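Examining the three-dimensional arrangement
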Amino acid sequence: MKKKYLFAEFIILFAFFILPPLFVFPKNQTLTFSTFPLSASLRAVIAALLYLQFKSEKSENSFFYISKTLEWSALTLGFLMLIFTFFEFFSIFFLKENLNATNVPSLPSTFIEWIFVILTFLFGAFYEEVLYRLYLPQILKIFLFPTFNEKTKNKENLLIEIPPILIFALAHRYLGWIGVFNAASSAFILRICFLKTKNIFAGTFSHFLYNFLLFLFAVLI
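A brief look at the structure comes next. No experiment lies behind these values; they were computed from the predicted model shown.

For the pair helix H1 (residues 3-18) and helix H2 (residues 38-54), interaxial distance at closest approach is 14 Å and the crossing angle is 155 degrees. Here H1 lies roughly antiparallel to H2, going by the angle between them. Between H1 and H2 lies a crossing of left-handed hand. In contact with Leu 6, Glu 9, Leu 13 and Phe 17 of H1, H2 contributes Arg 43, Ile 46, Leu 50, Gln 53 and Phe 54. Tallied by class, the residues present in the contact of H1 with H2 amount to 6 nonpolar, 1 polar and 2 charged.

Structure representation (structure tokens):
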């Protein structure tokens, strides 16, 4: 795809999907799952199109591919839970508040609502992994460093890796500043997962389980 079309695509995505979450301020709200997650589905469709556009061409033995994906997914989930635990304890003992207090969920009452919960978190995890771990680093690489230069490798890596992490972190301002630091740390781990596996699915699975487990923790405890 020509750069002018990529640039137009980026401007549209930035204006309608990347920029708006940066201006969501912390507020008390109750999550409900009584209807089909249409907006999450639409974002997942967009993510699928971006994935097809920018997916890695690397192919591996199927058994090794699945094994590596599951291994890194489990490892990543473990790190995500450790990071959350650290910031949760810090928030409770030093700030006297719960990390998720600004986003209080309601307990689903029917089987269909539980299905909607799973779909919401699954679509959301896939969308965020594609957008922040695949698309943004790749688009920055295309526009900032079209030709690889071994001498400026470290500088290139910083300019490619840091902006997506910061944007992802600031998109979680509705959780407060502790939530921002938690999201930044999680983004770092998830990006490593992507770089190690060369696929989006390990990070998506661990991201989904992480969000779903925190949801269960919030509604059941």
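Mapped onto the elements, Ala 44 comes out in helix H2. Overall, the relative accessible area of 9% leaves Ala 44 in the buried class. Through-space distance from the C-alpha of Ala 44 to that of Ala 125 is 8.8 Å; in sequence the pair is 81 residues apart. Once residues within four sequence positions are removed from consideration, Ala 44 is found in contact with Phe 123 and Phe 126.

If you check H1, its first and last C-alpha atoms are just 19 Å apart, much less than what 16 residues at 1.5 Å a residue would give, namely 22 Å. Residues Leu 6, Glu 9, Phe 10, Leu 13 and Ile 18 constitute the buried set of H1. Taken around the axis of H1, the buried residues stretch over an arc of 100 degrees, which confines them to a single face. Opposite its buried face, H1 presents the exposed residues Lys 4 and Phe 16, each directed more than 90 degrees away.

Turning next to helix H7 (residues 201-220). Between its first and last C-alpha, H7 extends 28 Å over 20 residues, near the 28 Å set by a 1.5 Å rise per residue. The complete set of buried residues in H7 reads Ala 202, Gly 203, Thr 204, Ser 206, His 207, Phe 208, Tyr 210, Phe 212, Leu 214, Phe 215 and Val 219.

This brings us to the nonpolar core. Val 130, Tyr 135 and Leu 136 are the most contacted members of the largest nonpolar core, which has 30 residues in total. If you list the elements that add at least two residues to this core, you get H1, H2, helix H4 (111-144), helix H5 (153-170) and helix H6 (176-197). Broken down by element, the residue count for this core peaks at 10 residues, all from H4. Leu 136 has contacts with Phe 10, Ile 18, Leu 131, Pro 164 and Ile 167, leaving out every residue within four places of it along the chain. Core analysis: the next-biggest nonpolar cluster, separate from the first, contains 11 residues, Ile 83, Phe 87, Leu 190 and Leu 214 among them.

Cut-offs and rules
- Residues numbered from 1 in each chain as written.
- Predicted model: local features only at pLDDT ≥ 70, side-chain atom pairs only at ≥ 80, totals over all residues.
- Heavy atoms only, no water.
- Axes fitted to C-alpha atoms, helices over the stretch in contact; angles between N-to-C directions.
- Helix = DSSP H or I, 4+ residues; strand = E, 2+ residues; numbered from the N terminus.
- Parallel < 35°, antiparallel > 145°, perpendicular 65-115°, else oblique.
- Left-handed = near helix turned anticlockwise from the far one by under 90°.
- Contact = heavy atoms within 4.5 Å.
- Nonpolar A, V, L, I, M, F, W, Y, C, P; charged D, E, K, R; others polar.
- Buried < 20%, exposed > 50% of the residue type's maximum accessible area, 1.4 Å probe, protein only.
- Expected span 1.5 Å × (residues − 1).
- Arc of directions from axis to C-beta.
- Core = buried A, V, L, I, M, F, W, Y, C linked by side-chain atoms within 4.5 Å.

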